[in-house]
Amino acid sequence: MLNTDFAGRSLPATDPVEIAPEAVSAFTRSLGLADTSSVPPTFLVSLTLPDFGRFVRDPELGLDFAKVLHREQTFRFHRQPRVGDVVTCTPRIESIKTVAGNDLLTAVTRVATSEGEPIADVTMVLFVGGDES
(Lines give C-alpha, C1' and ligand atoms only; values in the text may rest on other atoms or scores of the structure.)
Protein backbone atom coordinates (compact mmCIF):
# COMPACT_ATOMS: atom_id res chain seq x y z
CA MET A 1 0.00 0.00 0.00
CA LEU A 2 1.13 3.51 -0.78
CA ASN A 3 1.93 6.01 1.93
CA THR A 4 -1.08 8.34 1.87
CA ASP A 5 0.96 11.03 3.64
CA PHE A 6 2.35 11.81 0.16
CA ALA A 7 -1.06 13.09 -1.03
CA GLY A 8 -0.79 16.84 -1.52
CA ARG A 9 3.01 16.77 -1.51
CA SER A 10 4.88 18.78 -4.16
CA LEU A 11 8.50 18.77 -5.20
CA PRO A 12 10.51 21.84 -6.17
CA ALA A 13 10.53 22.80 -9.82
CA THR A 14 13.17 21.20 -12.00
CA ASP A 15 16.03 23.15 -13.45
CA PRO A 16 14.95 24.95 -16.64
CA VAL A 17 15.25 22.94 -19.84
CA GLU A 18 14.77 24.08 -23.42
CA ILE A 19 12.26 22.40 -25.70
CA ALA A 20 14.93 21.84 -28.31
CA PRO A 21 14.15 21.27 -32.00
CA GLU A 22 16.27 18.08 -31.98
CA ALA A 23 14.22 16.63 -29.10
CA VAL A 24 10.92 17.48 -30.81
CA SER A 25 12.16 15.98 -34.07
CA ALA A 26 13.28 12.75 -32.36
CA PHE A 27 9.93 12.53 -30.53
CA THR A 28 7.85 12.97 -33.70
CA ARG A 29 9.97 10.40 -35.57
CA SER A 30 9.54 7.90 -32.71
CA LEU A 31 5.78 8.19 -33.20
CA GLY A 32 6.07 7.75 -36.96
CA LEU A 33 4.93 11.32 -37.58
CA ALA A 34 6.30 13.69 -40.16
CA ASP A 35 9.05 15.86 -38.75
CA THR A 36 7.56 19.19 -37.82
CA SER A 37 8.57 22.39 -36.14
CA SER A 38 5.47 22.34 -33.91
CA VAL A 39 5.51 20.54 -30.57
CA PRO A 40 3.10 17.58 -30.39
CA PRO A 41 0.88 17.82 -27.30
CA THR A 42 2.13 14.51 -25.92
CA PHE A 43 5.76 15.68 -26.08
CA LEU A 44 5.37 17.01 -22.56
CA VAL A 45 5.31 13.43 -21.24
CA SER A 46 9.01 13.20 -22.18
CA LEU A 47 9.60 15.99 -19.65
CA THR A 48 7.09 15.17 -16.92
CA LEU A 49 7.45 11.39 -16.62
CA PRO A 50 11.16 11.38 -15.76
CA ASP A 51 10.51 14.26 -13.38
CA PHE A 52 7.82 12.25 -11.55
CA GLY A 53 10.56 9.66 -10.99
CA ARG A 54 11.78 11.80 -8.11
CA PHE A 55 8.68 10.61 -6.21
CA VAL A 56 9.02 7.03 -7.43
CA ARG A 57 12.57 6.74 -6.10
CA ASP A 58 11.49 7.77 -2.58
CA PRO A 59 11.19 4.49 -0.65
CA GLU A 60 8.81 6.13 1.84
CA LEU A 61 6.13 6.36 -0.87
CA GLY A 62 6.11 2.56 -1.09
CA LEU A 63 5.56 2.33 -4.85
CA ASP A 64 6.40 -1.10 -6.27
CA PHE A 65 6.65 -0.49 -10.02
CA ALA A 66 6.07 -4.20 -10.69
CA LYS A 67 2.47 -3.59 -9.56
CA VAL A 68 1.84 -0.42 -11.58
CA LEU A 69 -0.53 -0.01 -14.49
CA HIS A 70 -0.66 3.37 -16.24
CA ARG A 71 -4.38 4.08 -16.12
CA GLU A 72 -4.84 7.57 -17.51
CA GLN A 73 -3.01 10.58 -18.94
CA THR A 74 -4.61 13.98 -19.56
CA PHE A 75 -3.35 17.39 -20.59
CA ARG A 76 -4.81 20.78 -19.72
CA PHE A 77 -3.14 23.36 -21.91
CA HIS A 78 -2.88 27.02 -21.01
CA ARG A 79 -1.12 27.56 -24.33
CA GLN A 80 0.63 25.50 -26.99
CA PRO A 81 4.23 24.57 -26.08
CA ARG A 82 6.71 25.94 -28.59
CA VAL A 83 10.15 24.94 -29.76
CA GLY A 84 12.58 27.16 -27.90
CA ASP A 85 10.45 27.47 -24.76
CA VAL A 86 12.57 27.12 -21.63
CA VAL A 87 10.43 25.25 -19.12
CA THR A 88 10.37 23.85 -15.61
CA CYS A 89 8.27 20.99 -14.26
CA THR A 90 6.74 20.96 -10.78
CA PRO A 91 5.21 17.60 -9.81
CA ARG A 92 2.56 17.15 -7.13
CA ILE A 93 0.79 14.04 -5.88
CA GLU A 94 -2.78 15.21 -5.93
CA SER A 95 -4.34 12.16 -4.30
CA ILE A 96 -3.89 8.55 -3.26
CA LYS A 97 -7.10 6.56 -2.96
CA THR A 98 -7.58 2.92 -2.01
CA VAL A 99 -10.29 1.10 -3.95
CA ALA A 100 -10.96 -2.62 -3.40
CA GLY A 101 -7.49 -3.13 -1.91
CA ASN A 102 -5.68 -1.35 -4.76
CA ASP A 103 -4.30 2.19 -4.87
CA LEU A 104 -5.00 4.93 -7.39
CA LEU A 105 -2.31 7.60 -7.42
CA THR A 106 -3.09 10.86 -9.22
CA ALA A 107 -0.13 13.12 -9.98
CA VAL A 108 -0.22 16.52 -11.65
CA THR A 109 2.87 18.17 -13.07
CA ARG A 110 2.77 21.87 -13.89
CA VAL A 111 4.85 22.75 -16.95
CA ALA A 112 5.68 26.44 -17.02
CA THR A 113 8.15 28.76 -18.68
CA SER A 114 11.19 29.71 -16.65
CA GLU A 115 9.43 33.06 -16.12
CA GLY A 116 6.47 31.25 -14.54
CA GLU A 117 3.95 31.39 -17.42
CA PRO A 118 1.87 28.19 -17.24
CA ILE A 119 1.96 26.05 -20.37
CA ALA A 120 0.15 22.90 -19.23
CA ASP A 121 -0.91 20.72 -16.34
CA VAL A 122 -0.16 17.09 -17.12
CA THR A 123 -2.16 14.59 -15.06
CA MET A 124 -1.24 10.93 -14.71
CA VAL A 125 -3.23 8.28 -12.87
CA LEU A 126 -1.48 5.09 -11.82
CA PHE A 127 -3.24 1.92 -10.69
CA VAL A 128 -1.09 0.16 -8.09
CA GLY A 129 -2.11 -3.44 -7.36
CA GLY A 130 -2.56 -4.28 -3.69
CA ASP A 131 -0.93 -7.06 -1.76
CA GLU A 132 -2.25 -10.49 -2.65
CA SER A 133 -3.97 -12.29 0.19
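### A word on the overall build of the protein chain
Part 1 of the reasoning: When its secondary structure is counted, the protein chain shows 2 helices and 5 strands.
Part 2 of the reasoning: Traced from its N-terminal end to its C-terminal end, the protein chain shows the element sequence β-α-α-β-β-β-β.
Part 3 of the reasoning: Expressed along its principal axes, the backbone C-alpha trace of the protein chain runs to roughly 50 × 35 × 20 Å.
Part 4 of the reasoning: Of the contacts made within the protein chain by residues no fewer than 6 positions apart, 70% connect residues no fewer than 24 positions apart.
Part 5 of the reasoning: A total of about 7300 Å² of accessible surface is found on the protein chain, and carbon and sulfur atoms cover 53% of it.

### Focus: the sheet that holds strand E3 (residues 86-99)
Part 1 of the reasoning: Spatially, the 5 strands line up as an open sheet ordered E1-E3-E4-E5-E2, and their pairing is antiparallel. The open sheet is flanked by strand E1 (17-18) and strand E2 (68-77), the only strands paired with a single partner.
Part 2 of the reasoning: Bridge analysis of E3 against strand E4 (residues 102-113) gives 12 bridges, and the strand direction is antiparallel. Bridge pairing links Ile96 to Leu105 in E4.
Part 3 of the reasoning: Across the face of the sheet, helix H2 (residues 45-56) comes into contact with E1, E2, E3, E4 and strand E5 (118-128) while running at roughly 60 degrees to E3.

### Thoughts on H2
Part 1 of the reasoning: In this model H2 runs 16 Å from its N-terminal to its C-terminal C-alpha over 12 residues, within 8% of the 16 Å that 1.5 Å per residue would give.
Part 2 of the reasoning: Inspection of H2 places Leu47, Thr48, Asp51, Phe52, Gly53 and Phe55 among the buried residues, and these make up the whole buried set.
Part 3 of the reasoning: Those residues of H2 that are buried lie in contact with E1, E3, E4 and E5.

### Quick look at the packing of aromatic side chains
Part 1 of the reasoning: One pass over the structure, following the stated rule, counts 4 aromatic pairs.
Part 2 of the reasoning: Measuring from centroid to centroid gives 5.4 Å for Phe27 and Phe43, while their planes differ by 85 degrees, and the two rings are edge-to-face. Taken together, the positions of Phe27 in helix H1 (residues 21-30) and Phe43 in the loop between H1 and H2 put the pair 16 residues apart, joining distant regions of the chain. Note on accessibility: Phe27 and Phe43 belong to one class, buried.
Part 3 of the reasoning: With 5.9 Å between their ring centres and 10 degrees between their planes, Phe75 and Phe77 make a pair best called stacked.

### Examining the pairing of E4
Part 1 of the reasoning: Counting buried residues in E4 gives 11 out of 12 residues, a clear majority hidden from the surface.
Part 2 of the reasoning: Turn length for the E3-E4 hairpin, with the two strands adjacent in sequence and antiparallel, is 2 residues, and the turn residue Ala100 shows positive phi of about 50 degrees.
Part 3 of the reasoning: Where E4 lies against E5, 10 bridges are found, and the strand directions are antiparallel. Within the sheet, the bridge partner assigned to Arg110 lies in E5 and is Asp121.

Here is what the cut-offs are and how they apply
- One numbering rule holds for all chains: residues counted from 1, following each sequence as written.
- Where local features are concerned, this predicted model is filtered to residues with pLDDT of at least 70; where side-chain atom pairs are given and counted, the filter is 80 or more; whole-chain, interface and lining totals use all residues.
- Note that the side-chain values use all heavy atoms of the structure and ignore hydrogens as well as water.
- For helices the rule is a DSSP run of H or I covering at least 4 residues; for strands it is a run of E covering at least 2, with both sets numbered from the N terminus onward.
- Note on definitions: a residue-residue contact is assigned when non-hydrogen atoms from the two residues lie within 4.5 Å.
- Using the Shrake-Rupley algorithm and a 1.4 Å probe, accessible areas are obtained, with residue cover drawn only from the displayed protein chains.
- Only when DSSP finds a minimum of two bridges between them are two strands counted as paired.
- The axes are straight lines fitted to the C-alpha atoms, using for helices just the contacting stretch, and the angles between their N-to-C directions are given from 0 to 180°.
- Here the expected length of a helix is defined as 1.5 Å per residue gap, with one fewer gap than residues.
- Exposure categories follow from relative accessible area, calculated using a 1.4 Å probe and restricted to protein chains: below 20% of the type maximum is buried, above 50% is exposed, and the middle band is partly exposed.
- Between rings of Phe, Tyr and Trp, where Trp is taken as its six-membered ring, a pair exists when centres lie within 6.5 Å; planes separated by under 30 degrees are stacked, by over 60 edge-to-face, and by other angles tilted.

Geometry only, nothing functional implied.
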